[in-house]
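The lines below spell out each chain.
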Amino acid sequence: APSASGATPTCCASSGGANTLVADTLPWVDSVYRGTATGLPAMAIAVSLVSFTPIAQGALPDASVLAEGVPGCDVLVFPEIVVAELTNTGTASLDLFLPNTPPLTGVTFYHQMVVIEVDPQLAFLAVTATNSLQLVAGGF
């Protein structure tokens, strides 16, 4: 089965620009899927959310999760797998190994990063988010 990737529109911008998530590699079983976000703030905690369950635009605003949430920014992926990364480069990435499990082939899953802009003492300044990706695990 072929591997595939599609994106929702960009959720919102941060002080670094448009928070944009792209699939650097397609999700194939027995290999590593890599998603990279760019346009992030100069200093941020990027929280990757991976799930089999999407959340509709507008159903879970960032501001309902954390007080620093920016209006118009939404969580678009149910947090089943959560990976956090501190970054000061304006970019963040997730490497996710997909095991060689036949039932995984053809399964749709979702990836998004919630971006927490922090100051040098790691105090939260603003919470924004990237677009989300809809991915289909491919098999050989």
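Refer to the structure above for everything that follows.
Keep in mind that this is a model prediction, so the values were computed, not measured.

A word on the side chain of Glu-117. If you trace the backbone, Glu-117 turns up in strand 9 (residues 108-118). Here Glu-117 is buried and forms no salt bridge, its nearest opposite-charge partner Arg-34 lying at an N-O distance of 22 Å.

Another point: the state of the cysteines. Enumeration over the complete set of coordinates arrives at one disulfide. Between the sulfur of Cys-12 and that of Cys-73 lies a disulfide, 1.9 Å long from S to S. Note on the Cys-12 and Cys-73 pair: the S-S dihedral is about 120 degrees, so by sign convention the disulfide is right-handed. Of this pair, Cys-12 sits in the loop between strand 1 (4-7) and strand 2 (13-14) while Cys-73 sits in the loop between helix 1 (62-65) and strand 7 (81-87); the two residues are 61 residues apart in sequence, bridging distant segments of the chain. Neither residue differs from the other here; Cys-12 and Cys-73 are each classed as buried.

Applying the stated criterion across every chain yields a total of one salt bridge. Its salt-bridge partner being Asp-95, residue Arg-34 comes within 2.6 Å of it at the nearest N-O pair. In this pair, Arg-34 is assigned in strand 5 (residues 31-38) and Asp-95 in strand 8 (residues 92-98), connecting sequence segments 61 residues apart. Classification of Arg-34 by relative accessible area gives partly exposed; the value is 33%. Looking at Asp-95, the relative accessible area reads 44%, which means it is partly exposed.

Rules of the game
Residues numbered from 1 in each chain as written. Predicted model: local features only at pLDDT ≥ 70, side-chain atom pairs only at ≥ 80, totals over all residues. Heavy atoms only, no water. Helix = DSSP H or I, 4+ residues; strand = E, 2+ residues; numbered from the N terminus. Buried < 20%, exposed > 50% of the residue type's maximum accessible area, 1.4 Å probe, protein only. Lys, Arg positive; Asp, Glu negative; His and termini not counted. Salt bridge = Lys/Arg side-chain N within 4 Å of Asp/Glu carboxyl O. Disulfide = S-S within 2.5 Å.

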